[in-house]
Amino acid sequence: MRQQDYFETIIAYDSIFHIHINSSFFIEWEIFFFGLYEPEVIRLLKKAFKPDYYAIDVGANIGAHTLAMCALVKEGRIIAIEPHPMVFSRLLKNLQINNVRNAEAAQLAVSDRNCTAQLYSFCDSDCNQGKSSLVFSEISD
């Protein structure tokens, strides 16, 4: 039902930031109703991170974890990596509305191979934006 009956809004996130959500997507639906996405991960980050840390958020999606890391890393830097064009633009929007200065976003995919890959997107009707996948083509030397 979320796919047909959804809304978009900007809400407070982790008492520090704001986040633009679209309730048709699972992560954002969870943020709207519960205040955080994966609160156990946020708690772990708060225990582990120090102000001068550098971190990479691979598969950053809309930036829920990226924003939490930015609040903890005042002197360090966060790199948020998200390959999907639509999701990446939403990640950028969330960094911009919060005027984040200690993070940068990169629209690319990360792999353990030296290769090119085709990004296959999640379906328009899917509520999980993380379902995109890569199909690899090896680069010959």
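Bear in mind that the values here come from a model prediction, so they are computed numbers and not experimental data. (Residues numbered from 1 in each chain as written. Predicted model: local features only at pLDDT ≥ 70, side-chain atom pairs only at ≥ 80, totals over all residues. Heavy atoms only, no water.)

**What about the overall build of the protein?**
Consideration 1: Of the regular secondary structure elements, the protein holds 4 helices and 7 strands.
Consideration 2: Secondary structure elements in the protein, listed N-terminal to C-terminal, are β-β-α-α-β-α-β-α-β-β-β.
Consideration 3: Going through the 141 residues of the protein one by one, you find that 40% of them count as buried.
Consideration 4: Here the contacts in the protein between residues at least 6 apart in sequence split such that 51% fall between residues at least 24 apart. (Helix = DSSP H or I, 4+ residues; strand = E, 2+ residues; numbered from the N terminus. Buried < 20%, exposed > 50% of the residue type's maximum accessible area, 1.4 Å probe, protein only. Contact = heavy atoms within 4.5 Å.)

**Some details on a nonpolar patch on the surface**
Consideration 1: A grouping of Ile56, Val58, Ile79, Leu108 and Val110 is seen on the molecular surface, where their side chains present a nonpolar patch of about 420 Å² in accessible area.
Consideration 2: Mapped onto the elements of the fold, Val110 is located in the loop between strand 5 (103–106) and strand 6 (115–120).
Consideration 3: Taking relative accessible area as the criterion, Val110 reaches 47% and is therefore assigned partly exposed. (Patch = residues over 30% accessible without salt bridge, like charges linked within 9 Å, V, L, I, M, F, W, Y side chains within 5 Å. Areas by Shrake-Rupley, 256 points an atom, 1.4 Å probe, with all protein chains shown as cover. Salt bridge = Lys/Arg side-chain N within 4 Å of Asp/Glu carboxyl O.)

**Topic: the packing of helix 2 (residues 39–48) against helix 3 (residues 64–72)**
What describes two packed helices is the angle between their axes and the distance between those same axes.
Consideration 1: At a minimum axis distance of 10 Å, the contact between helix 2 and helix 3 shows a crossing angle of 25°. Taken together, the axes of helix 2 and helix 3 lie roughly parallel to each other. The element helix 2 and its partner helix 3 pack so that their crossing is right-handed. Contacts between helix 2 and helix 3 involve Val41, Ile42, Leu45 and Lys46 on the former and, on the latter, Ala64, His65, Ala68, Met69 and Leu72. (Axes fitted to C-alpha atoms, helices over the stretch in contact; angles between N-to-C directions. Parallel < 35°, antiparallel > 145°, perpendicular 65-115°, else oblique. Left-handed = near helix turned anticlockwise from the far one by under 90°.)

**A closer look at unusual backbone geometry**
Consideration 1: Positive phi values are uncommon outside glycine, yet Asp14 reaches one of about 55°.
Consideration 2: With respect to the helices, strands and loops of the structure, Asp14 is situated in the loop between strand 1 (8–13) and strand 2 (17–22).
Consideration 3: Residue classification places Asp14 among the buried positions, given a relative accessible area of 14%.
Consideration 4: A positive phi is found at Asn99, a non-glycine position, where the angle reads about 50°.
Consideration 5: Looking at where Asn99 falls in the secondary structure, it is placed in the loop between helix 4 (85–97) and strand 5.

**Considerations on the packing of aromatic side chains**
Consideration 1: With the rule as written, the count across this model stands at 7 aromatic pairs.
Consideration 2: Ring centres of Phe32 and Phe33 lie 5.0 Å apart, and the angle between their planes is 90°; this geometry places the pair in the edge-to-face category.
Consideration 3: According to the relative accessible area criterion, Phe32 is partly exposed, its value standing at 34%.
Consideration 4: With a relative accessible area of 49%, Phe33 lands in the partly exposed category.
Consideration 5: Ring pairing ties together the aromatic residues Phe7, Phe26, Trp29, Phe32, Phe33, Phe34 and Tyr37, which thus form one cluster. (Phe/Tyr/Trp six-rings, centres within 6.5 Å; stacked < 30°, edge-to-face > 60°.)

**Some details on the side chain of Ser24**
Consideration 1: With respect to the secondary-structure elements, Ser24 resides in the loop between strand 2 and helix 1 (26–34).
Consideration 2: A distance of 2.6 Å separates the side chain of Ser24 from the side chain of Asn22, its partner in a polar contact. (Polar contact = N/O pair within 3.5 Å; in protein donor to acceptor, adjacent residues only side chain to side chain.)

**Some thoughts on the pairing of strand 4 (residues 77–81)**
Consideration 1: As paired elements, strand 3 (residues 54–58) and strand 4 share 5 bridges and run parallel to each other. Its bridge partner being in strand 4, Ala55 is matched across the sheet by Ile78.
Consideration 2: Between the parallel elements strand 3 and strand 4, the chain passes through helix 3 in a crossover that is right-handed.
Consideration 3: Strand direction decides the pairing type here: strand 4 and strand 5, joined by 4 bridges, are parallel. (Pairing = 2+ DSSP bridges. Right-handed = clockwise from strand over helix to strand, strands pointing away.)

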